[in-house]
Amino acid sequence: MEKRVVFRHKLLPFVLVLPQLVITAVFFLWPASQALYQSLLIEDAFGLSREFVWFENFENLYNDPLYFASFRTTAVFSISVASLSLGMALVLAVMADRVIKGTNIYRTFLIWPYAVAPAIVGVLWLFMFNPSIGLIAFWLKQTGYNWNHVLNGDQAMVLIVFAAAWKQISYNFLFFLAGLQSIPKSLIEAAAIDGAGPSRRFWTIIFPLLSPTTFFLVVVNIVYAFFDTFGIIHATTHGGPGKATETLVYKVFSDGFVSLDLGGSAAQSVILMFIVISLTVVQFRYIERRVHY
Amino acid sequence: MIERRPGLTLLSHAILISGILIVAFPLYITFVASTVTQNEIMRPPLPLIPGPHMIENYTRALFEGSRNAIPVGLMMFNSLVMALVIAVGKIVISLTSAYAIVYFRFPFRTLCFWTIFITLMLPVEVRILPTFEVVANLDMLNSYAGLTVPLIASATATFLFRQFFMTIPDELLEAARIDGAGPIRFFFDILLPLSRTTIAALFVILFIYGWNQYLWPLLITTDKSMNTIVMGISHMIGIDDFTDWPAVMATAMLAMLPPVAIVIFMQRLFIKGLVETEK
């Protein structure tokens, strides 16, 4: 799409795009190319010597069981977060769409967690599940279940999944509700006249018509679980115990800034870039005209 | 409503209310913990009714600062500066670049467009180390410039404005030109007033984005006086006995307050911004 009428100026348009381009070049393109270059180098931790090694960093990653473990952790984490928060949000959105009175009030009370920073979400949940002072940990102990996410890797994973899913419910709820409200009422009325009950109407009409929204949200939730949950993990488990909650993004950070393995961290960045690019392509290619508002 | 099913309606309300309670539970616990004393927290279970120590806990957090953190008041100021500069900066540079791309023909226009587009695919998380090095080389560590400028480029906002400019009828520009308006005047007198709601909606989303930044301030503020509240709180949590939990919880409440208030009180703009930035 192009404008038919435009201004004729030689210099002005360059002045207008310049700030954006300079920032993009200095803080996006240059660092990204550095990451590509560094991923081919092996450097010692003090930056005294560096050696060009082609793809050795990638080979090391390929042979590193910890890296594959981190892939597995990320997969388990993002699938659990996506299904938990999508499931809860869908139930709530269907209910909010059903009731006539109070939809707006319910919406107000359900969307605020979106505004809470991931790191603060981590602090909130850490406090509730703190093994020695947390309220929920205390309740669990009273029922005979020993909660200690500081020692138990699976429990640590459950903790960050809960925290991350809790924050994302509001976002999913908003989009599910918008999707539900855009489904033509006549379709549902026709089904009702044909004698379909609420649950049958949901599974044969509403749910299929909602599938573009659902697909879009699945992609968004996976991107969220991959990239936006660093704060949650850093504030609660620090990737531990052991490496039980070390996701890919967390590993880039800990290898680069804590262990100072610059080449390895850069190689992981490059792999992450490819993951982002493919997710972006999926997002643009398959969900162009997905939800109608 | 298709048919009357009072039972089902009652069930819906019950589910919604329990959903709200589940979502609000962590917030309530945090609030209660910010109104009791350290001793009450250290001897679980935590009471479920707020205690009388709210004012002293919040004053202590805001003005004194704990063991290895600066007073929270200062952190909030840093967060506010960061959020405002990021939101305003992103809006300004996106407005101007979208204006150039839509209303002008110039060499390398498509190249500019794609260069901006690429930033979508390069979130901070995947280029942490090299971006840190750039900022360090530019001597921008521990400064507001370092906190904000690297995060200001925005493909999303640029596309949003481009999309919006495309819907403005060409006749408006023709009329303005006949009346003798140049590009600058057209921008300030016509385009900017028309974009008001889009700008406001975007501001809400970007303010929250800026306020909630964690990884970036964590990396580039080694000097405690530059800490923002969202990252500074992690310095306040240590080993259980040495963590001033009431102050930490008061800080968590204060860190949530501005963005949550914005979402609740500017709900319409917030939803508009959220839906449009995802398009």
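Residue indices follow the written sequence of each chain, beginning from 1 at its first position. Key to labels: chains lettered from A, ligands numbered from 1, both in the order written. Where local features are concerned, this predicted model is filtered to residues with pLDDT of at least 70; where side-chain atom pairs are given and counted, the filter is 80 or more; whole-chain, interface and lining totals use all residues. No hydrogens and no water enter the side-chain calculation; it runs on all heavy atoms of the structure.

Notes on the overall build of chain A
So, step 1. Put simply, DSSP H or I for four residues or longer makes a helix, DSSP E for two residues or longer makes a strand, and each gets a number counted from the N terminus. Assigned secondary structure in chain A consists of 13 helices and 2 strands.
So, step 2. Only C-alpha atoms enter the radius of gyration, while the globule expectation follows 2.2 Å times N to the 0.38, with N the number of residues. The C-alpha radius of gyration of chain A comes to 24 Å, more than 25% above the 19 Å expected for a compact globule of 293 residues.
So, step 3. A principal-axis box enclosing the C-alpha atoms of chain A has dimensions of 75 × 75 × 30 Å.
So, step 4. Split into buried and exposed, the 293 residues of chain A put 55% on the buried side.
So, step 5. Residue contacts follow a heavy-atom distance rule, with two residues in contact if any of their heavy atoms lie within 4.5 Å. The long-range fraction of contacts in chain A, counting pairs at least 24 apart against all pairs at least 6 apart in sequence, stands at 66%.
So, step 6. Surface accessibility follows the Shrake-Rupley procedure with a 1.4 Å probe radius. Residue values consider only the protein chains on display as shielding. When the accessible surface of chain A is totalled, it reaches about 13300 Å², and 66% of it is carbon and sulfur.
So, step 7. The positive count covers Lys and Arg only, the negative count covers Asp and Glu only, and His and the chain ends enter neither. Where a charge lies is defined by one atom per residue type, namely NZ (Lys), CZ (Arg), CG (Asp) and CD (Glu). Charge separation in chain A, taken as the distance between the mean sites of 19 positive and 16 negative side-chain charges, equals 18 Å. Summary of the burial criterion: residues with accessible area below 20% of their type's maximum are buried, those above 50% are exposed, and those between are partly exposed, where the area comes from a 1.4 Å probe applied to protein chains only.

Quick notes on the overall build of chain B
So, step 1. In terms of helices and strands, chain B carries 15 helices and 0 strands.
So, step 2. The C-alpha radius of gyration computed for chain B amounts to 24 Å, which surpasses the reference 19 Å derived for 279 residues by more than 25%, pointing to a less compact arrangement than a globule.
So, step 3. Each principal axis of the C-alpha distribution contributes one length, and for chain B these read about 75 × 65 × 35 Å.
So, step 4. Sorting the 279 residues of chain B into buried and exposed places 54% on the buried side.
So, step 5. Sequence-distant contacts in chain B: of pairs separated by 6 or more residues, those separated by 24 or more amount to 72%.
So, step 6. For chain B, the computed accessible surface area is about 11900 Å², with 68% contributed by carbon and sulfur atoms.
So, step 7. Of the side chains in chain B, 17 bear a positive and 18 a negative charge, and the two mean positions are spaced by 8 Å.

A short note on the interface of chain B and chain A
So, step 1. Facing 112 residues of chain B, the contacting portion of chain A comprises 98 residues.
So, step 2. Buried area: the accessible surface (1.4 Å probe) lost by two parts on joining, summed over both. When chain B packs against chain A, close to 9900 Å² is buried across both sides, 77% of that on carbon and sulfur atoms.
So, step 3. Any Lys or Arg side-chain nitrogen found within 4 Å of a carboxyl oxygen on Asp or Glu counts as a salt bridge. Seen at the junction of chain B and chain A, the total is 0 salt bridges.
So, step 4. Nitrogen and oxygen atoms within 3.5 Å of one another constitute a polar contact, given that in protein one can donate a hydrogen and the other can accept it, and given that sequence-neighbouring residues count only through two side-chain atoms. Taken together, the connections running from chain B to chain A amount to 13 residue pairs in polar contact (both at pLDDT 80 or more).
So, step 5. Counting residues per element, the side of chain B that touches chain A draws most heavily on helix α1 (residues 6–33) of chain B, which supplies 18 residues.

Some remarks on the packing of α1 of chain B against helix α14 (residues 245–265) of chain B
Residue and element names in this part refer to chain B.
So, step 1. Note on definitions: angles span 0 to 180 degrees between N-to-C directions of axes, and those axes are lines fitted to C-alpha atoms, for helices only across the stretch in contact. With their axes 8 Å apart at the nearest point, α1 and α14 run at an angle of 130° to one another. Taken together, the axis directions place α1 and α14 in an arrangement best described as oblique. You can see that α1 and α14 cross each other, and the crossing is left-handed. In contact with Leu-27, Thr-30, Phe-31 and Ala-33 of α1, α14 contributes Pro-246, Met-249, Ala-252, Met-253 and Met-256.
So, step 2. The residue classification treats Ala, Val, Leu, Ile, Met, Phe, Trp, Tyr, Cys and Pro as nonpolar and Asp, Glu, Lys and Arg as charged. All others, Gly included, are polar. Residue composition of the contact of α1 with α14, by class: 8 nonpolar, 1 polar and no charged. Orientation labels follow simple angle bins: below 35 degrees gives roughly parallel, above 145 gives roughly antiparallel, 65 to 115 gives roughly perpendicular, and whatever is left gives oblique. For a crossing to be left-handed, the near helix must be turned anticlockwise from the far one by less than a right angle; the clockwise case is right-handed.

Observations regarding empty space enclosed by the protein
All names here are of chain A.
So, step 1. Cavities and pockets are defined on a 1 Å grid built over the protein atoms alone: a cavity is a set of grid points where a 1.4 Å probe fits but cannot escape, while a pocket is an open set with protein on both sides within 12 Å along at least five of seven lines, and lining residues are those with an atom within 4 Å of any such point. Grid points are joined across faces, edges and corners, and a volume is the space filled by probe spheres set on the points. Counting across every chain of the model gives 1 cavity of 30 Å³ or more.
So, step 2. The computed volume of the largest cavity comes to approximately 30 Å³.
So, step 3. Looking at the largest cavity, the residues that line it are Leu-66, Ala-69, Ser-70, Thr-73, Lys-243 and Glu-246.
So, step 4. Tallied by class, the residues present in the lining of the largest cavity amount to 2 nonpolar, 2 polar and 2 charged.

Details of a nonpolar patch on the surface
Residue and element names in this part refer to chain A.
So, step 1. Patch building starts from residues that exceed 30% relative accessible area and form no salt bridge, then joins like charges within 9 Å and nonpolar side chains (Val, Leu, Ile, Met, Phe, Trp, Tyr) within 5 Å. There is a patch of nonpolar side chains on the surface, built from Tyr-37, Phe-52, Trp-54 and Phe-55 and spanning about 470 Å² of accessible area.
So, step 2. Topologically, Trp-54 is positioned in the loop between β2 (50–52) and α2 (56–62).
So, step 3. For Trp-54, a relative accessible area of 54% gives the class exposed.

Section: unusual backbone geometry
Residue and element names in this part refer to chain B.
So, step 1. For Phe-108, which is not a glycine, the phi torsion comes out positive at approximately 65°.
So, step 2. Taking the relative accessible area as the measure of exposure, Phe-108 reaches 59% and is therefore exposed.
So, step 3. With a phi close to 55°, Asn-142 is a non-glycine residue in the positive phi region.
So, step 4. Tracing the sequence through the fold places Asn-142 in the loop between α6 (128–137) and α7 (144–148).
So, step 5. For Asn-142, a relative accessible area of 24% corresponds to the partly exposed category.

A closer look at the layout of surface pockets
So, step 1. What the second largest pocket holds in volume is close to 610 Å³.
So, step 2. Every residue lining the second largest pocket is counted, 23 residues in all, and those nearest its centre are Val-94, Arg-98, Pro-198, Phe-202 and Ile-206 of chain A.
So, step 3. Among the secondary structure elements, those contributing two or more residues to the lining of the second largest pocket are α3 (65–98), α8 (185–193) and α9 (198–209) of chain A together with α1 of chain B.
So, step 4. Of all the elements, α9 of chain A adds the most residues to the lining of the second largest pocket, at 7 residues.
So, step 5. Here the residues of the lining of the second largest pocket sort into 17 nonpolar, 1 polar and 5 charged.

Quick word on the packing of aromatic side chains
Residues and elements named next belong to chain A.
So, step 1. When two rings of Phe, Tyr or Trp (its six-membered ring) have centres within 6.5 Å they constitute a pair, described as stacked for plane angles under 30 degrees, edge-to-face for angles over 60, and tilted for the intermediate range. Evaluated as defined, the whole model comprises 38 aromatic pairs over all chains.
So, step 2. Pairing Tyr-67 with Phe-71 gives two aromatic rings, centres 5.4 Å apart and planes at 85°, and the pair type is edge-to-face. With Tyr-67 and Phe-71 both in helix α3 and 4 residues apart, the pair spans about one turn of that helix.
So, step 3. For Tyr-67, a relative accessible area of 5% corresponds to the buried category.

Concerning helix α4 (residues 103–111) of chain A
So, step 1. Buried residues of α4 of chain A: Thr-103, Tyr-106, Thr-108, Leu-110 and Ile-111 of chain A, and no others.
So, step 2. At its buried positions, α4 of chain A is contacted by α3 and α7 (153–181) of chain A together with α1, α14 and α15 (267–277) of chain B.

Side note on the side chain of Thr-236 of chain A
Residues and elements named next belong to chain A.
So, step 1. Looking at the secondary structure, you find Thr-236 in helix α11 (residues 230–236).
So, step 2. Here Thr-236 falls in the buried class, since its relative accessible area comes to 10%.
So, step 3. There is a polar contact of 2.7 Å between the side chain of Thr-236 and the backbone oxygen of Ile-232.
So, step 4. Not counting residues within four places of it along the chain, the set of residues in contact with Thr-236 comprises Gly-122, Leu-126, Leu-159 and Ile-160.

With respect to the pattern of salt bridges
Residues and elements named next belong to chain B.
So, step 1. Tallied over the entire structure, the rule returns 4 salt bridges over all chains.
So, step 2. A salt bridge links Asp-244 to Arg-60; the nearest nitrogen and oxygen atoms lie 2.9 Å apart. Residue Asp-244 is located in the loop between α13 (229–236) and α14, and its partner Arg-60 is located in helix α3 (residues 54–64); the two are separated by 184 residues in the primary sequence.
So, step 3. For Arg-60, a relative accessible area of 23% translates into the label partly exposed.

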